[in-house]
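Topology and contacts: notes
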Amino acid sequence: MKQPASPQLMLVISMVVFGTLGLFVRNIPVSSGELALYRAILAALLLLVYFAATKQTIPFGKIRRELPLLLLSGVAMGFNWILLFEAYKYTTVSVATLSYYFAPVIVTVACPILFKEKMTGKQWICFAMSTLGIVLITGVGDMKTGSNHLLGIAFGLGAACFYAAVILLNKFIRNVEGIHRTFLQFIAAVLVLIPYVGVTSGVTLSKLDVTGWICLLVVGLVHTGITYCLYFSSLKELPGQKAAILSYIDPLVAVLVSVLLLRESLSPMQMVGGLLILGFTLWNEVTPKVKVNG
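Residues numbered from 1 in each chain as written. Predicted model: local features only at pLDDT ≥ 70, side-chain atom pairs only at ≥ 80, totals over all residues. Heavy atoms only, no water.

1. Quick look at unusual backbone geometry
The following threshold applies: Helix numbers and strand numbers start at the N terminus; a helix is a DSSP run of H or I with at least 4 residues, a strand a run of E with at least 2. Only protein chains enter the accessibility calculation, which uses a 1.4 Å probe; a residue whose area is less than 20% of its type maximum is buried, one above 50% is exposed, and one in between is partly exposed.
We note that Lys55 has phi near 55°; this positive angle belongs to a residue other than glycine. Mapped onto the elements, Lys55 comes out in the loop between helix 3 (32-54) and helix 4 (60-63). Judged by relative accessible area, Lys55 falls into the exposed class, the value being 74%. Unusually for a residue other than glycine, Arg263 sits at a positive phi of about 55°. On the secondary structure map, Arg263 appears in the loop between helix 13 (249-261) and helix 14 (268-285).

And the structure:
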């Protein structure tokens, strides 16, 4: 049976949907921890339905040794969501997203420590310029910059650290298929977020109006469940470099949503900072094709 869409189209759709996340999160008046919990629950339930429909089973016997890493990466994923949602509360969606996209830079710096890899001159340049981008986004020298804005950036960078942890942990997980890995990470996130929500905000679903419920269902089912399926299905078919390039549609859409729909401001200096982060992290992921003679 043929795929309903090309891998490139599926990845583009998933990145566009991811880019609109902040728009919906803004309309869900619950705590960040609670929202992360509901997101994980709804997405896990949707994937269960998907597995049942496609008659897929998770080979627990085969992946038994990697379950601790899956659990740890799921915990990191859950707290990554919490910090990203907090970032949306304290600064603009565009600034929060651009701060969050510092994650690939963190991975680049961590790999030499964890995997004994040497950083190239190109990687050092990308690290330095992306860091400069973060400095420009903070609005250093701008007297209008408030503590809430800086706190939002700090939450965004914290989310980036946890997302980088998810990426690095996944490098050690080799025997688990992408969609199965994601489902187990959702389950792990649920397990750790239930007690976290219990001792922090508690359940406050009664605060939600019709708009809040619709946005919550969209975030859990569409942004997480359906879009993760599209995302991992496309990754199977696409070269890593092409997937990396297309993934930058996400922050670009987030910036457009922030400026055009949410009417949030983005100063020229912050725009330059965002371009530095996205441009140099993208350059770091793109490797030139080597010509083979003969």
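2. Considerations on the packing of helix 8 (residues 121-137) against helix 14
For clarity, the cut-off: Helix axes are fitted to C-alpha atoms over the stretch in contact, other axes to C-alpha atoms as well, and angles between N-to-C directions run from 0 to 180 degrees. Geometric relationships in this document are graded by angle, where less than 35 degrees denotes roughly parallel, more than 145 denotes roughly antiparallel, 65 to 115 denotes roughly perpendicular, and other angles denote oblique. For any pair of crossing helices, the crossing counts as left-handed if the nearer helix is rotated counterclockwise from the farther one by less than a right angle, and right-handed if it is rotated clockwise. The contact criterion used is simple: two residues touch if any of their non-hydrogen atoms lie within 4.5 Å. Residues are grouped as follows: Ala, Val, Leu, Ile, Met, Phe, Trp, Tyr, Cys and Pro are nonpolar; Asp, Glu, Lys and Arg are charged; every other residue, Gly included, is polar.
Between helix 8 and helix 14, whose axes approach to 7 Å, the crossing angle comes to 160°. Accordingly, the angle class assigned to the pair helix 8 and helix 14 is roughly antiparallel. Taken as a pair, helix 8 and helix 14 cross one another with a handedness that is left-handed. In this structure, helix 8 uses Lys122, Gln123, Ile125, Cys126, Met129, Ser130, Leu132, Gly133, Ile134, Leu136 and Ile137 to contact helix 14, whose residues at the interface are Met269, Gln270, Val272, Gly273, Gly274, Leu276, Ile277, Phe280, Thr281, Trp283 and Asn284. Class assignment for the residues of the contact of helix 8 with helix 14 results in 13 nonpolar, eight polar and one charged.

3. Some details on the pattern of salt bridges
To keep things clear, this is the line we draw: Basic side-chain nitrogens of Lys or Arg form a salt bridge, by our definition, when they fall within 4 Å of a carboxyl oxygen of Asp or Glu.
As enumerated under the stated definition, the model contains two salt bridges in all. Where Arg26 meets Glu264, a salt bridge forms, and the shortest distance between an N and an O atom there is 2.4 Å. Taken as a pair, Arg26 in the loop between helix 2 (21-25) and helix 3 and Glu264 in the loop between helix 13 and helix 14 lie far apart in primary sequence, 238 residues in all. Looking at Glu264, the relative accessible area reads 12%, which means it is buried.

4. Thoughts on the packing of aromatic side chains
What counts, and what does not: Two rings from Phe, Tyr or Trp (for Trp, the six-membered ring) form a pair when their centres sit within 6.5 Å of each other. Planes less than 30 degrees apart are called stacked, planes more than 60 degrees apart edge-to-face, and all others tilted.
Applying the stated criterion across every chain, the model contains 13 aromatic pairs. Each ring, one from Phe18 and one from Tyr231, has its centre 6.1 Å from the other, and the planes form 75°; the classification is edge-to-face. Of this pair, Phe18 sits in helix 1 (residues 7-19) while Tyr231 sits in helix 11 (residues 210-237); the two residues are 213 residues apart in sequence, bridging distant segments of the chain. Take Phe18 and Tyr231: they sit in the same class, and that class is buried.

5. Describing the environment of Leu37
Relative to the helices and strands, Leu37 is located in helix 3. Judged by its relative accessible area of 7%, Leu37 is buried. For the pair Leu37 and Tyr248, spaced 211 residues apart in sequence, the C-alpha separation works out to 26 Å. Those residues within four positions of Leu37 in sequence are excluded, and the remaining contacts are Val190, Leu193, Ile194 and Val197.

6. Describing the nonpolar core
Soluble globular proteins: nonpolar side chains tend toward being buried together. Under the convention used in this document: Remark: nonpolar core denotes a set of buried residues (Ala, Val, Leu, Ile, Met, Phe, Trp, Tyr, Cys) joined through side-chain atoms within 4.5 Å.
Judged by nonpolar contacts, the single largest core of 70 residues is most densely connected at Ile28, Trp81, Phe85, Tyr88 and Phe186. Beyond its immediate sequence surroundings of up to four residues, Phe186 is in contact with Ala40, Ala43, Ala44, Leu47, Met77, Trp81, Thr224 and Tyr228.

7. Regarding the confidence of the model for the chain
Here is the rule we go by: pLDDT expresses, on a scale from 0 to 100, how confident the predictor is about each individual residue.
Mean pLDDT over the chain stands at 83; residues scoring 70 or higher make up 91%. Helix 2 holds the highest mean pLDDT among the elements of the chain, 93, whereas helix 12 (residues 240-246) holds the lowest, 70. Contacts of residues 289-294 to residues separated by more than four positions or lying in other chains number zero contacts, the stretch itself having pLDDT below 50.

8. Overview of a nonpolar patch on the surface
Worth spelling out the cut-off: Only residues whose relative accessible area exceeds 30% and that form no salt bridge are eligible for patches; like-charged ones are grouped when within 9 Å, while nonpolar side chains (Val, Leu, Ile, Met, Phe, Trp, Tyr) are grouped when within 5 Å. What sets the accessible areas is the Shrake-Rupley method with a 1.4 Å probe; for residues, cover comes only from the shown protein chains.
Residues Leu256, Val259, Leu260 and Leu261 make up a contiguous nonpolar surface patch of about 370 Å² in total accessible area. Tracing the backbone through its elements, the reader meets Leu256 in helix 13.

9. A word on helix 14
How we decide: Here, expected helix span is obtained from the residue count minus one, scaled by 1.5 Å.
Spanning 18 residues, helix 14 covers 26 Å between terminal C-alpha atoms, matching the ideal 26 Å at 1.5 Å per step. Of the residues making up helix 14, those classed as buried are Gln270, Gly273, Gly274, Leu276, Ile277, Leu278, Thr281 and Asn284.

10. Section: the environment of Ala110
For Ala110, the position within the fold is in helix 7 (residues 103-115). In this structure Ala110 comes out as buried when scored by relative accessible area, which is 16%. The spacing of Ala110 and Ser14 is 96 residues in sequence and 27 Å in space, taken between C-alpha atoms.

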